[in-house]
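What follows is each chain in one-letter form.
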Amino acid sequence: MEFEDVIVSTIKDLGLTPEDDFVLRVVQFSELLAIRHCVFLMGPTGTGRTECYRVLAKAITKGCNNPVNDYLKMTNKKKVVIRDINPKSISTYELYGQVNQATREWKDGLLSYYMRELANMPGDDPKWLLLDGDLDANWIESMNSVMDDNRLLTLPSNERIRVLPHMKLIFEIRDLKFATPATATRAGILYISEGQQWHNMAMSWINRVVKPYAERAKWKDPQLPCTWLREMFDKYIPPTLLEMKKSYSHITPLAQMNFISTLVNIMEGVLKPENLSNKADQAMFEMYFVFAMIWAFGGGLVEKDGIPYRRNFDKWFKQTWTTVKIPGKGTVYDYFVNPKTQKFQPWAELVTDIDYDGSRPMSTVFVPTAETSSLRFFLDMMVDLRKPIMFVGGAGVGKTQLVKGKLGSLNEEQISLSISFNYFTDVVSFQKVLESPLEKKAGINYGPPGTKQLIYFVDDLNMPKLDLYETAMPISLIRQHLGWGHWFDRAKLTPKNINNTQYVACMNPTAGSFIINPRLQRLFMTLAVDFPGQDSLMKIYGTFLQVRVDRAWVAGQGAGRGYYWGEGTDGGRERVGKGKGRGKGKGGGR
């Protein structure tokens, strides 16, 4: 087999979509490794940099009959060993190691430990050390002697570790903003652009998720729903992506892949046999697809800089996409698809009244409203799917209360841990808090007790202090966990695989560092939370006021006087008189 054929075969084995541009990038990556021992993988977040080296590693192990460059000839049909480090989730001392000034004792760092381990491994199988994190002058400048022709890491303990011919250093980085010319010229650079990567991701998702759904729902032709959804992606997504880039600014910057990953996550949540049976037609699938699109592309919009983006999106959506009829009253955000009636139904009909007896502080009570019904619906969905979700909004809009309302109603198989970030939150104490509810399983695996699922609720995600190079280390630790599924034991320098956990986050875009690393933002479904409308405020304060009114009535009855309450001129309740009977006031009711 030719090398390109092996790459295409490997891409299919990994459940991805083979596309000419991506195959070209993998070939170019192998060519760079033939002439450089250090390579920078760059490009917008979500464009497939991680999959690029994973595909190449598996393609090398598979082997081909006619290697096309020197590196492939040297490594053909050999197993690739990969070690990953996020240099920004640990301090520079923990990366390179340090000498204890009091005892003169040497303590290894992660980079020195792994480079020594790879150098001492027997055999000449290809070994890659992957540095997956933001670039900064603190750690990258110390790598200059490793990246040039010396290929030598010199440690403060005077130990020298050589990068052997079969060892490669791969840097998966965001940008070269803080790289000096000395650094940038020492490495090969492969830039992977967005192009049609969103389309590849959507097609891979259809093969991975929609086919199993069709088999569960017992479709006669399991390919039929897949074909419908492919047509919908091709019809709806390109014009909508163009409109997003051209006319809209979200509450926090969102990448192109963020919209698509949110869309497929919502579709995964609704693709159930009870919602879409094997007798459902294409119109029903399209109704759910349009519903998912509204919240994937428009869920992060609010009024910003005086421009009502949410209202503009509502108008544009209704005018552009007319195949699915959305009720004209209200906005596109006011409706969800009812699987029983197979029609759009207002969120307001899902609102339930709560019984508040006054025994608990008002700040601990969550009152459902029409606005929070939609947010709670998606929060429940993402928790069930074990996908990360983030609520973004100003101070006092009820983000934290919404999440705490959910965490207070978890079942016995779910537990939660709430963490509030502040300016001084450091990565070491944050990691200790994350590890506090975990227990050791087998080997390096850790997880919550038994078979439980642990939900980390991180409030004020953008509050930790940024370093000089615009990175918050606690954010890097979360990204490492979500991306790789592990973090490191800081004493033993071994990875800890963290299982059965997920993240729910809240963030105020007008405080702290305003935004977070786009590589982490992409992993979260992001929903904007705005201030409640007048009807919702009436419901919230009316729930609490009702208890006070009832108590005042009882107290008044005991003292021989009663006050009558009716609807005020502004829709609120006001005292309108007193007497001996009930219901005789201006409003006819208390």
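Residues numbered from 1 in each chain as written. Predicted model: local features only at pLDDT ≥ 70, side-chain atom pairs only at ≥ 80, totals over all residues. Heavy atoms only, no water.

**Section: the overall build of the protein**
Part 1 of the reasoning: Along the backbone of the protein there are 20 helices and 24 strands.
Part 2 of the reasoning: For the protein, the C-alpha atoms occupy an extent of roughly 95 × 65 × 45 Å along the three principal directions.
Part 3 of the reasoning: Within the protein, buried positions represent 49% of all 590 residues.
Part 4 of the reasoning: Taking the contacts inside the protein whose residues are at least 6 apart along the sequence as the reference set, 71% of them involve residues at least 24 apart.
Part 5 of the reasoning: Each charge class in the protein can be summarised by its mean position, and for the 74 positive and 63 negative side chains these summaries are 5 Å apart. (Helix = DSSP H or I, 4+ residues; strand = E, 2+ residues; numbered from the N terminus. Buried < 20%, exposed > 50% of the residue type's maximum accessible area, 1.4 Å probe, protein only. Contact = heavy atoms within 4.5 Å. Lys, Arg positive; Asp, Glu negative; His and termini not counted. Charge placed at Lys NZ, Arg CZ, Asp CG, Glu CD.)

**Points about helix H15 (residues 370-385)**
Part 1 of the reasoning: The end-to-end C-alpha distance of H15, which contains 16 residues, comes to 23 Å, matching closely the 22 Å that a straight helix rising 1.5 Å per residue would cover.
Part 2 of the reasoning: A positive phi of about 60° marks Arg 386, the residue just after H15. (Expected span 1.5 Å × (residues − 1).)

**Digging into the confidence of the model for the protein**
Part 1 of the reasoning: On average, the protein scores 87 in pLDDT, and the residues at 70 or more come to 93%.
Part 2 of the reasoning: Confidence drops under pLDDT 50 across residues 562-569; counting only partners more than four residues distant or on other chains, this segment forms 42 contacts.
Part 3 of the reasoning: Ignoring residues within four places in sequence, the model shows residues 575-590, a span with pLDDT below 50, making 38 contacts including any to other chains. (pLDDT = per-residue confidence, 0-100.)

**Observations concerning the sheet that holds strand S8 (residues 167-172)**
Part 1 of the reasoning: Strand order in this open sheet of five strands is S2-S5-S8-S1-S9, and the pairing throughout is parallel. The two strands at the open ends of the sheet, each matched to only one other strand, are strand S2 (81-85) and strand S9 (188-191). Ignoring which end each strand starts from, the neighbouring axes of this sheet average 20° apart.
Part 2 of the reasoning: As paired strands, strand S1 (residues 38-42) and S9 are joined by four bridges and run parallel to one another. Counterpart to Leu 41 in the pairing with S9 is Leu 190. (Pairing = 2+ DSSP bridges. Axes fitted to C-alpha atoms, helices over the stretch in contact; angles between N-to-C directions.)

**Things to note about the pairing of strand S5 (residues 127-132)**
Part 1 of the reasoning: Across the six residues of S5, six count as buried, placing the element largely inside the fold.
Part 2 of the reasoning: Of the two faces of S5, the one lined by Lys 127, Leu 129 and Leu 131 and the one lined by Trp 128, Leu 130 and Asp 132 are each fully buried.
Part 3 of the reasoning: Here S2 runs beside S5; their pairing, made up of five bridges, is parallel. Paired with Ile 82 across the two strands is Trp 128, which belongs to S5.
Part 4 of the reasoning: Relative to S8, S5 is paired through six bridges, and the arrangement is parallel. In the sheet register, Leu 131 faces S8, and the bridge partner there is Phe 171.

**Focus: the sheet that holds strand S17 (residues 445-447)**
Part 1 of the reasoning: Overall, mixed pairing links the four strands, which are arranged S16-S17-S20-S19 in an open sheet. Strands with a single pairing partner mark the edges of an open sheet, and in this sheet they are strand S16 (439-440) and strand S19 (486-488).
Part 2 of the reasoning: Here three bridges tie S19 to strand S20 (residues 495-498), and the two strands are oriented antiparallel to one another. Paired with Trp 487 across the strands is Lys 496, a residue of S20.
Part 3 of the reasoning: Helix H18 (residues 473-484) rests against S19 and S20 of the sheet, and its axis sits at about 130° to S19.

**A word on the pattern of salt bridges**
Part 1 of the reasoning: Tallied over the entire structure, the rule returns 24 salt bridges.
Part 2 of the reasoning: Measuring nitrogen to oxygen at the nearest pair gives 3.0 Å for the salt bridge that ties Lys 235 to Glu 286. Of this pair, Lys 235 sits in helix H11 (residues 223-247) while Glu 286 sits in helix H13 (residues 282-298), and the two are 51 residues apart along the sequence.
Part 3 of the reasoning: Exposure remark for Lys 235: the relative accessible area of 35% places this residue in the partly exposed category. (Salt bridge = Lys/Arg side-chain N within 4 Å of Asp/Glu carboxyl O.)

**Here we look at unusual backbone geometry**
Part 1 of the reasoning: One non-glycine residue with positive phi stands out, namely Asp 460, at about 55°.
Part 2 of the reasoning: Note on placement: Asp 460 falls in the loop between strand S18 (453-459) and H18.
Part 3 of the reasoning: Even without a glycine there, the phi angle at Glu 470 is positive, about 60°.
Part 4 of the reasoning: Along the chain, Glu 470 turns up in the loop between S18 and H18.

**A look at helix H1 (residues 3-13)**
Part 1 of the reasoning: For H1, the set of buried residues is Phe 3, Val 6, Ile 7, Thr 10 and Ile 11. Burial along H1 is one-sided: seen end-on, the buried residues are contained in an arc of 135°.
Part 2 of the reasoning: On its buried face, H1 sits against helix H2 (20-35), helix H3 (49-62) and helix H4 (70-75).
Part 3 of the reasoning: Downstream of H1 by a residue or two, Gly 15 has a phi angle that is positive, lying close to 75°. (Arc of directions from axis to C-beta.)

**Observations regarding the environment of Phe 313**
Part 1 of the reasoning: Counting through the fold element by element, Phe 313 comes out in helix H14 (residues 309-320).
Part 2 of the reasoning: On the basis of relative accessibility, which here comes to 0%, the residue Phe 313 falls in the buried class.
Part 3 of the reasoning: Along the chain, Phe 313 and Ile 260 lie 53 residues apart, while their C-alpha atoms are 17 Å from each other.
Part 4 of the reasoning: Residues contacting Phe 313, with those up to four places away along its chain left out, are Met 244, Tyr 248, Ile 294, Phe 297, Gly 298, Leu 301 and Tyr 333.

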